[in-house]
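Fold and geometry: a report
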Amino acid sequence: ECLIGCIGDLLEYVTEWAMVQVAIRGVGLLDAGRILGSLVLCSNSGLILADLLLGSVTSCGTLFCGFIGAIAGGLAGLAFGPSGAYLWAASGTIGFILGSIIGRAALDPIQTGTKTIISLWAEDPNPLMEFDHDMHNEFESKIQSKM
């Protein structure tokens with residue numbers, strides 16, 4: 001069961017990166033997978049990806065938004081609910097769910113944008129070097145430190 005879960009997570013991860021290639025190049029998903037494979041192997045961007053904590057940041061941000069929603073919902077339930085009722089728990093749960101959904105929707109473009117920048121940099125690093133020299137140097141230093 002754990003192995004199947006790991007395989008599913010791996011497929012989801014690869015599919016997310018392949019969808020970035022679909023968006024950039026307008027190719028099919030299978031061709032995007034081939035492009036992604038060659039991009040990671042030929043450009044050493046896999047070394048950057050190994051050090052990337054973007055998924056953890058997005059998950060923590062989603063949980064944070066959920067907790068803020070739960071607090072707001074619970075307080076609204078206490079303020080507007082009848083005395084002695086457990087409306088605060090139900091409204092807090094609904095607040096957590098809605099806060100998590102809204103937080104995820106707000107943070108997913110950041111995750112996708114970062115993946116797009118890394119994919120484009122792996123293909124051709126010169127535009128990033130001209131646009132943001134510090135970010136380009138950081139990518140280069142990550143690769144050199146792993147070798």
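Everything discussed here concerns the structure shown above.
So, here is what we can say about the structure in this document. (Residues numbered from 1 in each chain as written. Predicted model: local features only at pLDDT ≥ 70, side-chain atom pairs only at ≥ 80, totals over all residues. Heavy atoms only, no water.)

Things to note about the overall build of the protein
The helix and strand inventory of the protein stands at seven helices and zero strands. When the helices and strands of the protein are read in sequence order from the N terminus, they spell out α-α-α-α-α-α-α. Split into buried and exposed, the 147 residues of the protein put 25% on the buried side. Accessible surface, the protein: about 9500 Å² in total, of which carbon and sulfur atoms supply 70%. (Helix = DSSP H or I, 4+ residues; strand = E, 2+ residues; numbered from the N terminus. Buried < 20%, exposed > 50% of the residue type's maximum accessible area, 1.4 Å probe, protein only. Areas by Shrake-Rupley, 256 points an atom, 1.4 Å probe, with all protein chains shown as cover.)

Some details on the packing of helix α1 (residues 2-25) against helix α5 (residues 87-123)
At a minimum axis separation of 10 Å, α1 and α5 run at an interaxial angle of 70°. Relative to α5, the element α1 is oriented roughly perpendicular. Regarding α1 and α5, the two cross each other, and that crossing is right-handed. Contacts between α1 and α5 pair Glu16, Trp17, Val20, Gln21, Ile24 and Arg25 from the former with Gln111, Thr112, Lys115, Thr116, Ile118, Ser119, Leu120 and Glu123 from the latter. Looking at the contact of α1 with α5 residue by residue, the class counts come to five nonpolar, five polar and four charged. (Axes fitted to C-alpha atoms, helices over the stretch in contact; angles between N-to-C directions. Parallel < 35°, antiparallel > 145°, perpendicular 65-115°, else oblique. Left-handed = near helix turned anticlockwise from the far one by under 90°. Contact = heavy atoms within 4.5 Å. Nonpolar A, V, L, I, M, F, W, Y, C, P; charged D, E, K, R; others polar.)

Details of the pattern of salt bridges
Within this structure, the stated rule accounts for two salt bridges. Across the pair Arg34 and Asp31 runs a salt bridge whose closest N-O atoms are separated by 2.9 Å. Of the two residues, Arg34 and Asp31 both sit in helix α2 (residues 29-43), three residues apart, roughly one turn of that helix. The exposure class of Asp31 is partly exposed, given its relative accessible area of 39%. (Salt bridge = Lys/Arg side-chain N within 4 Å of Asp/Glu carboxyl O.)

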